Amino acid sequence: IIVDISDKIFDVEKIIETKMLIEDLHRALNNLNEEERNLIKSLYFEDKTLTEVAKKEDTNPMKISRLRNKVLEKLRKLLDR
């Protein structure tokens, strides 16, 4: 029975840790400008490909790839604070 209790406590800790990470990510996303947020939304929340985003933006996938990498690096720095 004690093992079950500690397992449940561990699960609660994991849930709280995950919730805190999600809150950190939301704060970091709020620091992006509109173009950066739209790109992240398209690629990671709407599952669009680089090619689809590039076509919508009337540009090439390589430019979108570079912009994505720049935005991800910006998010990494914001989350490392």
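Up top is the structure these notes are about.
Throughout what follows, the structure given in this document is the object of discussion. All residue numbers refer to position in the chain's written sequence, counted from 1. Only residues with pLDDT of 70 or above have their local features reported here, since the model is predicted, and side-chain atom pairs are shown and tallied only from 80 upward, although totals for entire chains, interfaces and linings are computed over all residues. Computation of side-chain values covers all heavy atoms of the structure but excludes hydrogens and water.

Focus: the overall build of the chain
Which entries qualify depends on this criterion: Runs of H or I in DSSP of at least four residues are treated as helices and runs of E of at least two as strands, each being numbered from the N terminus. Between buried and exposed lies partly exposed: a residue is buried under 20% and exposed over 50% of the maximum accessible area for its type, with that area taken using a 1.4 Å probe on protein chains only. Contacts between residues were defined by any pair of non-hydrogen atoms, one from each residue, lying within 4.5 Å.
The secondary structure content of the chain amounts to four helices and zero strands. Across the chain, helices and strands are ordered from the amino to the carboxyl terminus as α-α-α-α. The buried share of the chain, reckoned over its 81 residues, is 20%. Here the analysis covers contacts within the chain between residues at least 6 apart in sequence; of these, 54% occur between residues at least 24 apart.

Things to note about the nonpolar core
Defined as follows: Definition of nonpolar core: a set of buried residues of the types Ala, Val, Leu, Ile, Met, Phe, Trp, Tyr and Cys, connected through side-chain atoms within 4.5 Å.
Judged by nonpolar contacts, the single largest core of 13 residues is most densely connected at Leu32, Leu39, Ile40, Val71 and Leu75. At the level of secondary structure, the elements contributing two or more residues to this core comprise α1 (2-30), α2 (34-45), α3 (50-57) and α4 (61-80). When residues no more than four places from it in sequence are discounted, the contact partners of Leu32 are Arg37, Ile40, Val71, Lys74 and Leu75.

Digging into α4
Using the following cut-off: Each helix should span, by expectation, one fewer than its residue count multiplied by 1.5 Å. Working definition: the arc comes from the directions between the helix axis and the C-beta atoms, pointing outward to the latter. N or O atoms within 3.5 Å of each other form a polar contact, as long as, within protein, one can give a hydrogen and the other can take it, and as long as residues adjacent in sequence are counted only when both atoms are side-chain atoms.
Counted at 1.5 Å a residue, the expected span for α4 with its 20 residues is 28 Å, and the 28 Å between its end C-alpha atoms agrees. Here α4 has its buried residues at Ile64, Ser65, Leu67, Val71, Leu75 and Leu78. One side of α4 carries all its buried residues, which in axial view fall inside an arc of 165 degrees. Turned more than 90 degrees off the buried face of α4, the exposed positions are Met62, Arg66, Lys70, Lys77 and Asp80. For α4, the N-terminal cap is Asn60; the gap from its side-chain oxygen to the backbone nitrogen of Met62 is 3.1 Å.

Observations regarding the pattern of salt bridges
Should the charged atoms of two oppositely charged side chains come close, the side chains can pair. Quick note on the threshold: Note on definitions: salt bridges are taken to be side-chain nitrogens of Lys or Arg within 4 Å of carboxyl oxygens of Asp or Glu.
In the structure shown here, the tally under the stated rule is six salt bridges. Across the salt bridge formed by Lys14 and Glu17, the nearest N and O atoms sit 3.9 Å from each other. With a gap of three residues between them, Lys14 and Glu17 both fall in helix α1, about one helical turn apart. Judged by relative accessible area, Lys14 falls into the partly exposed class, the value being 41%. A relative accessible area of 41% places Glu17 in the partly exposed class. Linking Lys74 and Glu36 is a salt bridge whose minimum nitrogen-to-oxygen distance equals 2.9 Å.

These values are about where atoms sit, not about what they do.
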